[in-house]
Amino acid sequence: MLELKKDASLIEEIRQHEAPEYFTQCFRCGACSGICPVEKVAQDFDPRVIVHALLLGLKEKLLADDTIWKCSGCGSCIPVCPMDVKPMEVIKALKALVAEKDPEFALEMRFKAGRLARVNPEKCIACLTCVRDCPFSAPAIVPDGYAVIDPEKCRACGICVVECPARAIELNPSPEMAASLGGQDV
Ligand code: SF4
Ligand code: SF4
Ligand code: SF4
């Protein structure tokens, strides 16, 4: 049987990453899961389970795999929670904790989950098309002469991917996109 390590320090660490005030009040009613669009299409993604795993201190499970990165940040789970747990903000705090410990891993997970577009510097010709066209002002040209996309601003809309004349930008399908195309969860 799989043995899961528990680490009570996780709750304190999450508090230090702007976790919402009442996240420990979750009583697992499942309202968040019921409304979450990603829960409907992504294997292993369930906001209720994520909050519960946090309260149990299942640090390794939460921080080392790709599950939390599947959250789209749509916010649908926030108004339905009767205990004001704010699952989206809990997941955001978990991501911030991972990003603080291992920024490269966090970027890779965001990209893998289809939540972040990424520029190939070898192909970019610094034409500024993505800088102009991104509705969220996520790309910028860095001093080395290629575009870099700010992971905090990118909403993975895919506009830059389509518009880039050099085909320099990659974006994986999100779980919702994969499902709408009839494919498998990423
Ligand atoms: S913010 Fe994340 S967890 Fe909440 S409903 Fe949207 S996808 Fe689901
Ligand atoms: S649109 Fe493509 S080629 Fe132009 S700056 Fe952006 S990534 Fe580089
Ligand atoms: S995917 Fe959308 S939000 Fe992200 S950088 Fe490209 S245009 Fe901007």
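Before reading on, note that the structure itself is shown above.
Before going into details, it helps to say that this report is about the structure given with it.

A look at the site of ligand 1
Okay, so step 1: Taken together, 14 residues lie around ligand 1, and Cys36, Cys71, Cys74, Gly75 and Cys77 are the ones closest in.
Okay, so step 2: A per-class count over the shell around ligand 1 returns ten nonpolar, four polar and no charged.

Some points on the environment of Pro20
Okay, so step 1: With respect to the helices and strands, Pro20 occurs in the loop between α1 (9–15) and α2 (31–35).
Okay, so step 2: Remark: the alpha-carbon pair of Pro20 and Lys86, spanning 66 residues in sequence, is separated by 6.5 Å.
Okay, so step 3: Residues within four places of Pro20 in sequence aside, it is in contact with Val85, Lys86, Glu89 and Val90.

Points about the nonpolar core
Generally speaking, soluble globular proteins have nonpolar side chains that are buried together.
Okay, so step 1: Counting residues in hydrophobic clusters, the biggest one holds 30 residues, and the most contacted among them are Ile14, Phe23, Phe45, Leu54, Leu62, Ile68 and Leu94.
Okay, so step 2: Elements with a contribution of two residues or more to this core: α1, α3 (47–56), α4 (59–64), α6 (87–101) and α7 (103–112).
Okay, so step 3: If one sorts the elements of this core by residue count, α6 sits on top with six residues.
Okay, so step 4: Apart from the residues within four sequence positions on either side, Phe45 is in contact with Cys36, Val38, Glu39, Ile50, Thr67, Ile68, Lys70, Cys71 and Ile91.

Here we look at the site of ligand 2
Okay, so step 1: With respect to spatial proximity, 14 residues lie near ligand 2, and among them Cys124, Ile125, Cys127, Cys130 and Cys164 are the closest.
Okay, so step 2: Classifying every residue of the shell around ligand 2 by side-chain character gives 13 nonpolar, one polar and no charged.

Describing the pattern of salt bridges
Okay, so step 1: Scanning the entire structure with this criterion turns up nine salt bridges.
Okay, so step 2: Ionic pairing is found between Lys112 and Asp66, a salt bridge with its closest N-O pair at 2.9 Å. With a gap of 46 residues between them, Lys112 in helix α7 and Asp66 in the loop between α4 and α5 (77–80) connect regions that are remote in the sequence.
Okay, so step 3: The exposure class assigned to Asp66 is buried, which follows from its relative accessible area of 17%.

The rules behind the values
- Residues numbered from 1 in each chain as written.
- Chains lettered and ligands numbered in written order.
- Predicted model: local features only at pLDDT ≥ 70, side-chain atom pairs only at ≥ 80, totals over all residues.
- Heavy atoms only, no water.
- Near = heavy atom within 4 Å.
- Nonpolar A, V, L, I, M, F, W, Y, C, P; charged D, E, K, R; others polar.
- Helix = DSSP H or I, 4+ residues; strand = E, 2+ residues; numbered from the N terminus.
- Contact = heavy atoms within 4.5 Å.
- Core = buried A, V, L, I, M, F, W, Y, C linked by side-chain atoms within 4.5 Å.
- Buried < 20%, exposed > 50% of the residue type's maximum accessible area, 1.4 Å probe, protein only.
- Salt bridge = Lys/Arg side-chain N within 4 Å of Asp/Glu carboxyl O.

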